[in-house]
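Listed below, chain by chain, are the residues.
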Amino acid sequence: MHIAIVGAGISGLTCARQLQAQGHHVTVYEKSHGVSGRMSTRQTELGGFDHGAQYFTATSERFRKESGDWRKVGWITQWEGKLASLDGGVSKAAGNGTKRFVPVPGMSSLGKHLAHGLDVRLEQQVIGMEQAGKQWLLSVKAETVPVSATAGPFDAVVLALPADQAIPLLQLAPAFAKQAQKARLAPCWTLMLGFQSTLELEYDGAWVNHSRLGWIARDTAKPSHRAGERWVCHATAAWSLKHLEDDPERVKEKLSKAFHEATGSHIQPIHAVVHRWRYSQAVEPLAEDCMWNAKQRLGVCGDWFAVGLEGSGRIENAFLSGLALAKAIAA
Ligand SMILES: Cc1cc2nc3c(=O)[nH]c(=O)nc-3n(C[C@H](O)[C@H](O)[C@H](O)COP(=O)(O)OP(=O)(O)OC[C@H]3O[C@@H](n4cnc5c(N)ncnc54)[C@H](O)[C@@H]3O)c2cc1C
């Protein structure tokens, strides 16, 4: 079959690799200029900032095995940063006993490895889908071209996108659209700070209590990251939701203040930039592993499927969901 995968995050790339290994002809469409989705590294003059996902854990046997393989080939490594919880400037050691992994040299590098050998079309946003007999045609838009082009025909289509971004493409699959509406992905305002000198904080990452910020991490403490003093700060889901449409400058001010309050450091940054993630983590994932309609040959996967795991959707969910969809297609 010729299969189109929409989205080159970890779920789409995992599904694409499996399908290609099964002998299918796979084409991946990605709207951004790079692969990896929310496993993202923002490059700046000071060095990279992993401003989306921070690290991943592996709880299922299948993901532990895959992570072990990635580790053996040097794509990821364990992050043994000193972690703490912060309350009113007081830090307490926290989060010990869990193995955390990071791609090296940056979060986005895992996706780049996974994309190797796949036909990935970057800067191609899929804006519509139509059925032509038993096949699919996609409407694809490039930022630089004013009109959309038609791609296909494809024998099957996989949507590997956050639920809210999949819904507009599911007009011909109303039952899937209805299911997708039940998943909830929380937003996250992210602040990236760069300093000329070290802040001399005794931790590399911290969960922040009673603050606009929920998590801060010294990006430069991660293995193979460029030296320096760069921090990534994530606002809580509740604060991000409340301030979703705020002016970025105002958000920067508020989150910078929260950073100084949380850490007790008053050193001023030489670099401060915010990024708004409309969809960060799936706080209410669906119970299933993925969705597949064999008659229509249409599938959906992503981190908003629980795939048997507890808690919010994360990288492990995305991987397992992509894998589950490839299995369903093979069956
Ligand atoms: C701030 C933040 C912090 C996080 N922290 C962690 C963490 O510490 N640990 C953890 O495990 N997880 C974390 N996550 C979640 C983790 O990043 C995601 O669970 C995982 O990366 C999702 O992968 P995915 O493939 O399902 O989706 P995505 O990575 O979102 O991939 C979807 C891709 O589809 C593309 N796309 C969207 N619409 C279209 C379209 N119409 N046409 C073409 N392409 C399209 C997007 O550009 C994107 O590349 C975090 C996420 C964020 C944002």
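### Concerning the pairing of strand β15 (residues 205-208)
One ladder, built from four bridges, connects strand β6 (residues 83-87) with β15; its direction is parallel. Residue Leu86 lies in a different strand from β15, and its bridge partner there is Val208. As paired strands, β15 and strand β16 (residues 213-218) are joined by three bridges and run antiparallel to one another. Of the residues in β16, the one forming a bridge with Trp207 is Trp215. With antiparallel pairing between neighbouring strands as the criterion, β15 and β16 make up a hairpin whose turn holds four residues, including His210 at a positive phi of roughly 50°.

### Some details on the nonpolar core
Judged by nonpolar contacts, the single largest core of 100 residues is most densely connected at Ile5, Val6, Val157, Val158 and Leu255. Per element, the largest residue contribution to this core is nine residues, and it comes from helix α8 (residues 315-330). The residue makeup of this core includes at least three contributed by each of domain 1 (1-33 + 122-183 + 285-331) and domain 2 (40-106 + 184-284). Excluding residues that lie within four positions of it along the chain, Leu255 makes contacts with Trp189, Leu191, Arg212, Leu213, Cys233, Ala235 and Val274.

### A word on the pairing of strand β13 (residues 156-159)
Neither face of β13 is left uncovered, since the one carrying Ala156 and Val158 and the one carrying Val157 and Leu159 both have all their residues buried. As defined by bridge partners, strand β1 (residues 2-6) adjoins β13 across four bridges and the pair is classed as parallel. Along β13, the bridge assignment pairs Val6 with Leu159. Pairing geometry for β13 and strand β20 (residues 298-300), over three bridges, is parallel. Bridge pairing in β20 links Val158 to Gly299.

Each value, and the rule that gives it
Residue positions are counted from 1 within each chain, in the order its sequence is given. Per-residue local features of the predicted model are confined to residues with pLDDT of at least 70, and side-chain atom pairs are confined, for both listing and counting, to 80 or more; whole-chain, interface and lining totals are unaffected and use all residues. Each pair of strands is called paired provided DSSP finds at least two bridges between the two strands. A helix here means a DSSP run of H or I that spans at least four residues, while a strand means a run of E at least two residues long, and both kinds are numbered starting from the N terminus. The term nonpolar core means buried Ala, Val, Leu, Ile, Met, Phe, Trp, Tyr and Cys residues held together as one set by C-beta atoms within 7 Å. Three exposure classes are used, based on other C-beta atoms lying within 10 Å of a residue's own C-beta, which is placed from the backbone: buried for 20 or more, exposed for 12 or fewer, and partly exposed in between. Either an automatic procedure or a domain database provided the assignment from which the domain bounds are taken. Contact between residues is assigned whenever the C-beta positions, reconstructed from backbone atoms, fall within 7 Å.

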